Amino acid sequence: MKEGFRQSMAWLHTWAGLLVGWVLFFVYLTGTLGYVQYEITRWMEPEKPMVSEVPSTQDLLPHALDILSTRAPNGAHWFVNFPGGRRGTTLRIAWETRAVEGREGLEDFFSEDYDPTTGALITGIRKTDGGRRLYQMHYNLSYMSRDLAIRLVGICTMFMFVAMISGIIVHKKIFRDLFTFRPGRGQRSWLDGHNVLAVTSLPFHLMITYTGLVFFALTYMPIGPAVLYGDNGADKFSADVFEYDDPDPSLSKHVAEMADLPLMMADASQRWGGTVAPISFDIENPGRVISRVTIRPPEDYAISSFVGVLVFDGVTGEMVNDFGAGMSNAADTHDVLTGLHEGVFAGALLRVLYFLSGLAGTAMIGTGLILWSVKRKAKLAQKQKPPLGIEIVDRLNLGTLIGLPIAIAAYFWANRLVPVGIENRADIEVNVMFVVWAVMFIHPVWRPLHTAWVEQLYIASAAFALLPIVNFLTTDRHLGITIPHGDWVLAGFDLTALVVALAFGLVARHMQGKGKTTRLFRPFSRVKTDGVP
Amino acid sequence: MILLSFIFTFGGSLVLCLAMPQSRKFWSRKLDQWVIRMLRFVGWVMLSLAAVFCCWVLGWALGLVTWFGVFAACTLVLTFSLPYVSDRVGTQARTLRRGSAASAVSTFRPPHDC
């Protein structure tokens, strides 16, 4: 090998990063939005009430049980979600119908939202998949089977991990990179920016990439269970790991009197230290011999989303399972790792920090992609036309880096403008997003690159700036109402849109001002490049 | 306490940054080795204290996770604003040095291109 170790790592970093960079940008950005998925969903369902003083869990519980026993007396599974947590401002009731014999798998799922103060059913809520769909796209992608998607994302994540580790090896002066940013120097500045974005949030990037792989470890590495358990290893393995204390399902026919639910709630509360009230619970086989009640603490109770989850026998009222206590060290580690990735436990401040780190990661990938083309164009002579490869990368970069945010804005626009009662409404919103994104990929093919950048930046700026105005025209959950009411989740969405619009606008003006010979994208031969690797 | 952690993380990063070789432009003369060592020591102590503050309020698990976030936020703001602030600091230092209140910042030197 003629090259040194570090050079070969630089090669690996460049190509591993470029090859999957566009997918990773999509995964990182939609994943980052996942940290505020419940908040986004709240904005996308303006028919639901704003935040308010809600009655306590004990007061809401009888009402919830009343609704369930009249709406679904024979339901197989009841779900109740209390207001007050991040998941919503309503008392959310859901149930699954009992399978008819011989027609298993055809159970129906229903859910209803009730105003916690008046107790009335809220009707006419627009059908939307909200922030959850955006969040799920970061591992399920779209328009393909889930199995294929998580494998594709898994491969890309592995490349990300390779790119990250080789990147660390390339930059031995990590601590120096942390404080080095020299603007206005073309390629040098892009490299500085790329380094700073990577290094400042390096623990986050490493954690998120590694734990992302942990989520589907058994899909990516199925050999373990197969060797240990033989045929159908995966099924037997998950039966061992995930199904515990499963009562004989045939007993679900026998009716039995339920134990006192408020007592179980109080018991759970006591076990959590006495100050925490349950945020949700569900009852399997309500009113039957083998009834199981699962009670969950608020999201910020522990990093792992399993710790604190308690299971009670619905008939005797005794606790039969404590998820947090009975776990093996391996399972515990797994749950903490996945919990760290999801960040569901994070309170408001930590959520903002998660969101910032996610954006830094997205920007790191973006600057890396731009750097690839900038570096190659620097080697071209003045006025020389870049080769086709660079032209293609440039167009893909624009379509992804600016086109995707525009597409996401379009998703929010669609939420406000698609008629409420229409069929498949949730899917239409998503289709709008991807159609707009496709247009953003086609647009730079017909336009000169620099013009296309300026145009898309202005489109992005306008799309986000007008979002609060569209919201004002179509709903009564706009800034004029949400701010006086003190609903900072809803107001925060509109305000964030304005900040994003401002950022895009400033970059657009900056680029337009520089004209066609901007140092961002054109000749660098005039710019001194001191010791670029 | 969390606010204190933000302040100490930012301060600690700033001190460490000033001790770096590329921050020479902020100082009017070459720093002695012992000054650099002192700055580094103070910087690390401040960063450690910031982490301790986080853990104090939130417990070890949440505290460390939060501190990494605080660190990322502080250093991102610091590093990306540094080149723009350094010009301004230079101009101020020059103005101040002409006056009598120059003692505090007399070691600051304006960058050449300013």
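Higher on the page you've got the structure.
Rules behind the numbers
Residues numbered from 1 in each chain as written. Chains lettered and ligands numbered in written order. Predicted model: local features only at pLDDT ≥ 70, side-chain atom pairs only at ≥ 80, totals over all residues. Heavy atoms only, no water. Helix = DSSP H or I, 4+ residues; strand = E, 2+ residues; numbered from the N terminus. Buried < 20%, exposed > 50% of the residue type's maximum accessible area, 1.4 Å probe, protein only. Contact = heavy atoms within 4.5 Å. Areas by Shrake-Rupley, 256 points an atom, 1.4 Å probe, with all protein chains shown as cover. Axes fitted to C-alpha atoms, helices over the stretch in contact; angles between N-to-C directions. Parallel < 35°, antiparallel > 145°, perpendicular 65-115°, else oblique. Left-handed = near helix turned anticlockwise from the far one by under 90°. Nonpolar A, V, L, I, M, F, W, Y, C, P; charged D, E, K, R; others polar. Core = buried A, V, L, I, M, F, W, Y, C linked by side-chain atoms within 4.5 Å. Pairing = 2+ DSSP bridges. Buried area = accessible area lost by both parts, 1.4 Å probe. Polar contact = N/O pair within 3.5 Å; in protein donor to acceptor, adjacent residues only side chain to side chain. Phe/Tyr/Trp six-rings, centres within 6.5 Å; stacked < 30°, edge-to-face > 60°.

A. Representation of the overall build of chain B in the model. Within chain B, the regular secondary structure consists of two helices and zero strands. Burial status across chain B gives 42% buried among its 114 residues. Contacts in chain B between residues far apart in sequence, at least 24 positions, make up 65% of those at least 6 positions apart. Counting every atom, chain B has about 6,700 Å² of accessible surface; 70% of that belongs to carbon and sulfur.

B. Structural view of the packing of helix H18 (residues 449-465) of chain A against helix H21 (residues 488-514) of chain A. Residues and elements named next belong to chain A. At their nearest, the axes of H18 and H21 sit 8 Å apart, and the two run at 160° to each other. Overall, the two elements H18 and H21 adopt an arrangement that is roughly antiparallel. In the packing of H18 onto H21, the handedness of the crossing is left-handed. Touching His 450, Trp 453, Val 454, Leu 457, Tyr 458, Ala 460, Ser 461, Phe 464 and Ala 465 of H18 are Ala 497, Leu 498, Val 500, Ala 501, Phe 504, Gly 505, Val 507, Ala 508, Arg 509, Met 511 and Gln 512, all from H21. Looking at the contact of H18 with H21 residue by residue, the class counts come to 15 nonpolar, four polar and one charged.

C. Focus on the nonpolar core. Residues and elements named next belong to chain A. Formed by 85 residues in total, the largest nonpolar core has its most connected members in Leu 134, Tyr 354, Ile 402, Phe 412, Met 433 and Trp 453. Of all the elements, helix H14 (residues 348-378) adds the most residues to this core, at 11 residues. Sequence-distant contacts of Ile 402, defined by excluding residues within four places in its chain, comprise Asn 397, Trp 453, Gln 456, Leu 457, Ala 460 and Phe 504. Residues Ala 64, Phe 82, Leu 91 and Leu 310 belong to the second largest nonpolar core, which totals 26 residues.

D. Highlighting the sheet that holds strand E1 (residues 77-81) of chain A. Residue and element names in this part refer to chain A. Ordered in space as E3-E2-E1-E4-E5-E6-E7, the seven strands form an open sheet in which the pairing is antiparallel. Either end of the sheet is taken by a strand with one partner, and the two such strands are strand E3 (109-114) and strand E7 (319-322). Across the sheet, the mean angle separating the axes of adjacent strands is 15° when strand polarity is ignored. When strand E6 (residues 310-313) meets E7, the two strands line up antiparallel, connected through three bridges.

E. Up close: the interface of chain A and chain B. At the junction of the two partners, chain A supplies 23 residues and chain B supplies 27 residues. In total, chain A and chain B occlude about 2,100 Å² of area from one another, counting both sides; carbon and sulfur atoms represent 83% of this. The largest share of the area that chain A buries against chain B comes from Phe179(A), Phe181(A) and Thr200(A), three residues that together contribute 30% of it. Across the chain A-chain B interface, the total number found is one residue pair in polar contact (both at pLDDT 80 or more). Broken down by secondary-structure element, the contributors of at least two residues to the side of chain A that touches chain B are helix H6 (174-178), helix H7 (187-200) and H14 of chain A.

F. Quick look at the packing of aromatic side chains. Scanning all chains against the criterion turns up 26 aromatic pairs over all chains. An angle of 70° between the planes, with centres 4.8 Å apart, marks the rings of Phe181(A) and Phe80(B) as edge-to-face. Of this pair, Phe181(A) sits in the loop between H6 and H7 while Phe80(B) sits in helix H2 (residues 33-98), placing the two residues on different chains. Accessibility expressed as a relative area gives 16% for Phe181(A), which makes it buried. Between Phe8(B) and Phe53(B), the ring centres sit 5.3 Å apart and the planes meet at 85°, which makes this aromatic pair edge-to-face. Within this pair, whereas Phe8(B) is found in helix H1 (residues 2-18), its partner Phe53(B) is found in helix H2, the two being separated by 45 residues in sequence. Since its relative accessible area comes to 22%, Phe8(B) is described here as partly exposed.

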